[in-house]
Amino acid sequence: MKYKKVCQEVLSFLPSKSRIIIEKRFGVGPVKRNQTLQEIGDFLGITRERVRQIESDGLNKLRHNSALASLRAIFIYLDKFLEIQGGLKREDILLAEFSHEEAERAVVSFLLRLSPKLYLVESGNQFYPTWFQGKAVYQKASSLLNNLVKKLNQQKAPLAREMVYCLFKQESKVFIDNVIEASRALAVSPLEQVGLAAWPVIKPKGARDIAYLMLKKTGQPLHFRDIAKVANSLPSSFLPKKKTLPQTVHNELIRDPQFILVGRGVYGLQEWGYEKGTVREVIKTILAKSKEPLTRPAILQQVLRQRVVQPNTIFLNLNNKKHFQKDEQGRYSLKEI
């Protein structure tokens, strides 16, 4: 669709000063950026309040002008698009759907403001700039958002996306997803959990948070280099701007007791049942808990649940007669002191 051509046709109905102001305010003229009221006022030699009045009058004139007939196709297309999206869409994502060119997106954004039906929330604590199919859809989205934030604050833990759908089963999944996407307060973690954007388990703040999420995401122990690799493969929206460095991850894993070294450079989570200690200490713990001596295969099986090591490493430790003893049946127990 030729958005720039439509924009030029629409603006041609305005007086010269009004057209200049609107072009500069919305970045649809020669200067491809939105200028402030003060900048435009200084350029034209008028007050910023006068700039605001002329802008408002110009937009109202365009909304009621017969020239809007050329916009009908754009409005119909957008209305259908928003209907599929549950009635709302965050503006930056919506504009990306309309055009791949950055400059053209400003034109589309301006043209959409001329629609008599659409409702744009430009700024606020609740939403990023977002388009709605009318104020009623905005109010419904705002209500759902407030209720979900309240629920999360009460629970003090993220919710699986499917659980959120169950809480608001009267609403469509796409509507819920787009409310979350447009919300400033909420975000979805790499684990597909919905929570407050301020929570580290949702939006990691550093290498430690990233390591925890990556281990939870894979569900198995990982080498610290692989943790960094998995983290750097995620969309940039999940992570801090800087690249996650393997050594930074390793330093955090060493310091935090929730991460357990289970192999050479390989870490698991304490919440998975891993315990601190060397292979020898793990064997001692296993034998101490056992009510009777254990065979080599039984010990091997239990140690491998705790450590990512070669069997020979386990057997070499078992041969340490200072700590372990073997009976006539080839079973092992702790060395009696």
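Refer to the preceding data block for the structure.
Residues numbered from 1 in each chain as written. Predicted model: local features only at pLDDT ≥ 70, side-chain atom pairs only at ≥ 80, totals over all residues. Heavy atoms only, no water.

**Q** It is not clear to me how the pattern of salt bridges should be interpreted in this structure. Could you clarify?
**A** Two side chains of opposite charge can pair, provided their charged atoms sit close to one another. In total, this model carries 15 salt bridges according to the counting rule given. Where salt bridges share partners, they join R161, D177 and E192 into one cluster. (Salt bridge = Lys/Arg side-chain N within 4 Å of Asp/Glu carboxyl O.)

**Q** Help me understand the packing of aromatic side chains in this model?
**A** Aromatic ring pairs are defined here through the distance separating the ring centres and the angle between the ring planes. Summed over all chains, the structure comprises 9 aromatic pairs. Measuring from ring centre to ring centre gives 6.2 Å for Y3 and F98, while their planes differ by 35°; the resulting arrangement is tilted. One end of the pair, Y3, is in helix α1 (residues 3–11); the other, F98, is in helix α6 (residues 91–98), with 95 residues separating them in the sequence. Classification of F98 by relative accessible area gives buried; the value is 9%. Among the aromatic residues, ring-to-ring pairing joins Y3, Y77, F81 and F98 into one connected group. Its guanidinium or amino end placed over the ring of F315, R296 lies 3.9 Å from that ring's centre, counting from NZ or CZ. (Phe/Tyr/Trp six-rings, centres within 6.5 Å; stacked < 30°, edge-to-face > 60°. Helix = DSSP H or I, 4+ residues; strand = E, 2+ residues; numbered from the N terminus. Buried < 20%, exposed > 50% of the residue type's maximum accessible area, 1.4 Å probe, protein only. Lys NZ or Arg CZ within 6 Å of the ring centre and 35° of its normal.)

**Q** Which parts of the structure should I look at to understand the side chain of S18?
**A** The residue S18 is located in helix α2 (residues 16–26) in this model. When sequence neighbours within four positions are dropped, the list of residues in contact with S18 reads I54 and G58. (Contact = heavy atoms within 4.5 Å.)

**Q** Can you walk me through the nonpolar core in this structure?
**A** Membership of the largest hydrophobic core comes to 30 residues, with the highest contact counts inside it found for L71, L94, F110, L111, L112 and L114. Ignoring sequence-local partners within four residues, the contact set of L111 consists of Y3, V6, C7, L71, I74 and F75. With 28 residues, the next largest nonpolar core counts L88, V137, F175 and I180 among its residues. (Core = buried A, V, L, I, M, F, W, Y, C linked by side-chain atoms within 4.5 Å.)

**Q** Whenever I open this one, the sheet that holds strand β1 (residues 88–90) confuses me. Can you help?
**A** Strands pair in a sheet through their backbones, by hydrogen bonds, and they do so in one of two ways: parallel or antiparallel. If you trace the 3 strands from one edge of the open sheet to the other, you get β1-β3-β2, paired in antiparallel fashion. Two strands in the sheet have a free side with no partner beyond their single neighbour: β1 and β2 (119–121). Recorded for the sheet is a direction-independent mean angle of 20° between the axes of neighbouring strands. Sheet topology places β2 next to strand β3 (residues 130–132); 3 bridges connect them, and they run antiparallel. Note that in β3 the partner of Y119 across the bridge is F132. Sitting on the sheet, α6 is in contact with β1, β2 and β3, with an inclination near 95° to β1. (Pairing = 2+ DSSP bridges. Axes fitted to C-alpha atoms, helices over the stretch in contact; angles between N-to-C directions.)

**Q** Honestly, the packing of helix α11 (residues 207–218) against helix α13 (residues 246–255) in this entry has me stumped. Any pointers?
**A** Geometrically, a packed helix pair is captured by the angle between its two axes and the distance between the axes. As a packed pair, α11 and α13 sit with axes 9 Å apart at the nearest point and diverge in direction by 85°. With respect to each other, α11 and α13 are oriented roughly perpendicular. Taking contact as the criterion, the partners of A207, R208 and A211 in α11 are, on α13, T248, V249, E252 and L253. Considering only residue class, the contact of α11 with α13 consists of 4 nonpolar, 1 polar and 2 charged. (Parallel < 35°, antiparallel > 145°, perpendicular 65-115°, else oblique. Nonpolar A, V, L, I, M, F, W, Y, C, P; charged D, E, K, R; others polar.)

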